[in-house]
Every structure is written in C-alpha cells, then in structure tokens.
Amino acid sequence: MNIQNKKVLVTGGGSGIGFSIAKAFADKGNQVIIFGRTEDRLKGAVAKLPNASYVVGDVTNEKDVLALVKQVKENYGGIDILVNNAGTGRPQPLDGSDNIIESARYEIELNYLSVVRLTSLLLPALKASKEAAIINIQSIVSYVPSTYLATYSASKAALHSYSQSLRLVLQQSAPQVKVFEVFPPYVDTDLTKNLEASKLSPEEVSSDLIQALESDSFAIRNGITKDIYQLFRQSPEEALLALNAK
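Residues numbered from 1 in each chain as written. Predicted model: local features only at pLDDT ≥ 70, side-chain atom pairs only at ≥ 80, totals over all residues. Heavy atoms only, no water.

Visitor: Before we move on, can you summarise the overall build of the protein chain with the specific residues and values?
Guide: In terms of regular secondary structure, the protein chain is built from eight helices and seven strands. Relative to the compact-globule value of 18 Å for 246 residues, the protein chain shows a C-alpha radius of gyration of 17 Å, a close match. Buried residues in the protein chain amount to 51% of all 246 residues. For the protein chain, the proportion of contacts with a sequence separation of at least 24, taken over those separated by at least 6, is 66%. As displayed, the protein chain has an accessible area near 11700 Å², and 49% of this comes from carbon and sulfur atoms. Of the charged side chains in the protein chain, 25 are positive and 26 negative, and the gap between their average positions amounts to 6 Å. (Helix = DSSP H or I, 4+ residues; strand = E, 2+ residues; numbered from the N terminus. Rg over C-alpha atoms; globule rule 2.2 N^0.38 Å. Buried < 20%, exposed > 50% of the residue type's maximum accessible area, 1.4 Å probe, protein only. Contact = heavy atoms within 4.5 Å. Areas by Shrake-Rupley, 256 points an atom, 1.4 Å probe, with all protein chains shown as cover. Lys, Arg positive; Asp, Glu negative; His and termini not counted. Charge placed at Lys NZ, Arg CZ, Asp CG, Glu CD.)

So, in structure tokens, the structure goes:
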C-alpha cells in the first residue's frame, strides 16, 4: 500500500516502539498524531517529528477515547492509518503472586479490550479512506507464551485472534482497510529493561513494518520470532520449551 500523505494515529507514541513508528511515518511525509498519557513525554516526542501533533489521554479510559475520536474527526478530518501500539506487561509468578488478578485484568484491558474499542470507533473513518490500515503491535508471545510474562502472553494471544478475524471480515466488507500485525521478540524498551535476553531496537521494528506495509505483507515476524513461529507450526510443545529455555 501507499504510505505517503496519510493521516496516522499512533497510540503510546511518546517513546519506545511507538515513537519509532511515529518517526518512520513522519519521515515519509505523513501527518502523525500520537496519543498517550504523559503530556511532557508527548511534547518531547512531537518536538523531534515533522508534521506531528499529540493528544493526551488513556486508551483504557472510555471518555478519553471518545474525546480522541471526536478530535480525529473534527480537527484532522479522519484517519487513514491506526497503529494500536499502547501496551504493558507485568512479570508475575503464576505460583505465588498476590496481585495476579489485578495485573492480568489491567493487561487485558490495555493490550486487548482498548484496541477493540478504539478500532471499532475509528472503523467508519478508516472505511471512508480510499486506502487504510490497522496495525496491531503484537509480540512473539502472541504465538507462544512466556512464563516470565504469562498473563501478558494471554492478552497478546487474544489480540492476535481478534486481528485475524478482523482481517477476514474487512476483506469482505471493506477491502480498502487492511489489517497488519507486528510480532517482535523482546525489544529494547522500558518494558524489557530488567530482562536479560537478546533484544531488537525499536528502529529495527519500525523499519520492518514500513517495508511490510509497502509490500502488503500482513504478518511481520521480526528477529527470532521467525524461527519460533516456524517451530510453533511444526511442534507447539517444542516451541514452548524453546522460548522458555533457561
């Protein structure tokens, strides 16, 4: 698809993968809107981007999301590309955590339900575009769960299931709206700062995404995700053990 002269909304765009994706789109001549909770961080991000602006809000807060959708319509005249990037993961021992229910509930709300809400609310605007895209930032654990991030893995698996269904539905009802998924392994961000593992840079993830959009490759499997995915197709049990090898 053509990824120039589009209006792009990136949730969680103030830092990490989200900022790298926002920059990649801005550098291509697109109008970029970043959405996040921390205004100082958003201001700093926008200052580094051409033709960019920000909206402050929480994707898990329905009022904030409704206000965002209203601004997208009234101030920007719609949207062409939605990047659902905002997310979180909280390491929780499955055999001895006092607050696992609270953490799991928040991960499901942020990583999955907020995506469903925002995507559904923006679908009319996306359908009005001649060529549009929904990009859901997934993870290697969307395929194979990590014991280090077990409930996070479950939330990403839910997002992957939803994304596959949405892609098939839109191919029939609105083929101009394409659904892409990005499945990076561990990426060097605040989420993984305490994890000792090989990590990709956010810039590698955004570069792979841009190339995939231009070639209409709907599943972007970065780094070792390619190997884990192939093993998963052959033997889910072996893939589970490989990803969680100590």
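Visitor: Could you give me a rundown of the pairing of strand β5 (residues 132-137), with the residues and numbers involved?
Guide: In terms of burial, β5 is largely enclosed, as six of its six residues are buried. Burial along β5 is two-sided: Ala 132, Ile 134 and Asn 136 and Ala 133, Ile 135 and Ile 137, pointing in opposite directions, are all buried. In the sheet, strand β4 (residues 81-84) pairs with β5 via four bridges, with the strands oriented parallel. By the bridge assignment for β5, Asn 84 is matched with Asn 136. Between β4 and its parallel partner β5, the chain crosses via helix α4 (residues 100-128), and the hand of that crossover is right-handed. Bridge analysis of β5 against strand β6 (residues 177-183) gives six bridges, and the strand direction is parallel. Within β6, the residue paired with Ala 133 across the bridge is Lys 178. Crossover handedness for the path β5 to helix α5 (residues 150-173) to β6: right-handed. (Pairing = 2+ DSSP bridges. Right-handed = clockwise from strand over helix to strand, strands pointing away.)

Visitor: Give a detailed account of the side chain of Ser 53, specifying residues and quantitative values.
Guide: The residue Ser 53 is located in strand β3 (residues 52-56) in this model. A polar atom in the side chain of Ser 53 sits 2.7 Å from the side chain of Tyr 76. In contact with Ser 53, not counting residues within four places along its chain, are Val 32, Ile 33, Ile 34, Val 46 and Tyr 76. (Polar contact = N/O pair within 3.5 Å; in protein donor to acceptor, adjacent residues only side chain to side chain.)

Visitor: Quick one: what's the story with the sheet that holds strand β1 (residues 7-11), residue by residue and with numbers?
Guide: Overall, parallel pairing links the seven strands, which are arranged β3-β2-β1-β4-β5-β6-β7 in an open sheet. The sheet is open, and its two edges are formed by β3 and β7 (219-221), each paired on a single side. Strand after strand, the sheet turns through a mean of 15 degrees between neighbouring axes, direction not considered. For β1 and strand β2 (residues 31-36), the ladder comprises five bridges, and the chain directions are parallel. Following the sheet pairing, Lys 7 is matched in β2 by Gln 31. Each of β1, β2, β4 and β5 touches helix α1 (residues 16-27); the most contacted strand, β2, lies at about 165 degrees to it. (Axes fitted to C-alpha atoms, helices over the stretch in contact; angles between N-to-C directions.)

Visitor: I'd like to hear about the environment of Ile 33, residue by residue, with values.
Guide: You can see Ile 33 is positioned in strand β2. Take Ile 33: its relative accessible area is 0%, and that puts it in the buried class. Contact partners of Ile 33, with chain neighbours within four places excluded, come to Val 8, Leu 9, Val 10, Ser 53, Val 55, Tyr 76 and Ile 79.

Visitor: With reference to specific residues and values, describe the pattern of salt bridges.
Guide: For the structure shown, the criterion picks out seven salt bridges. Between Lys 28 and Glu 214 there is a salt bridge, with the nearest N and O atoms lying 3.1 Å from each other. Taken as a pair, Lys 28 in the loop between α1 and β2 and Glu 214 in helix α6 (residues 202-215) lie far apart in primary sequence, 186 residues in all. Taking the shortest distance from any N to any O, the salt bridge between Glu 109 and Arg 117 comes out at 3.8 Å. (Salt bridge = Lys/Arg side-chain N within 4 Å of Asp/Glu carboxyl O.)

Visitor: Could you give an account of unusual backbone geometry, with specific residues and numbers?
Guide: Despite not being glycine, Asn 5 has its phi angle at roughly 60 degrees, a positive value. Assignment of secondary structure puts Asn 5 in the segment before β1. Of note, the phi angle at Asp 216 is positive, near 55 degrees, even though the residue is not glycine. Looking at the secondary structure, you find Asp 216 in the loop between α6 and β7.

Function cannot be inferred from these measures alone, as they are strictly geometric.
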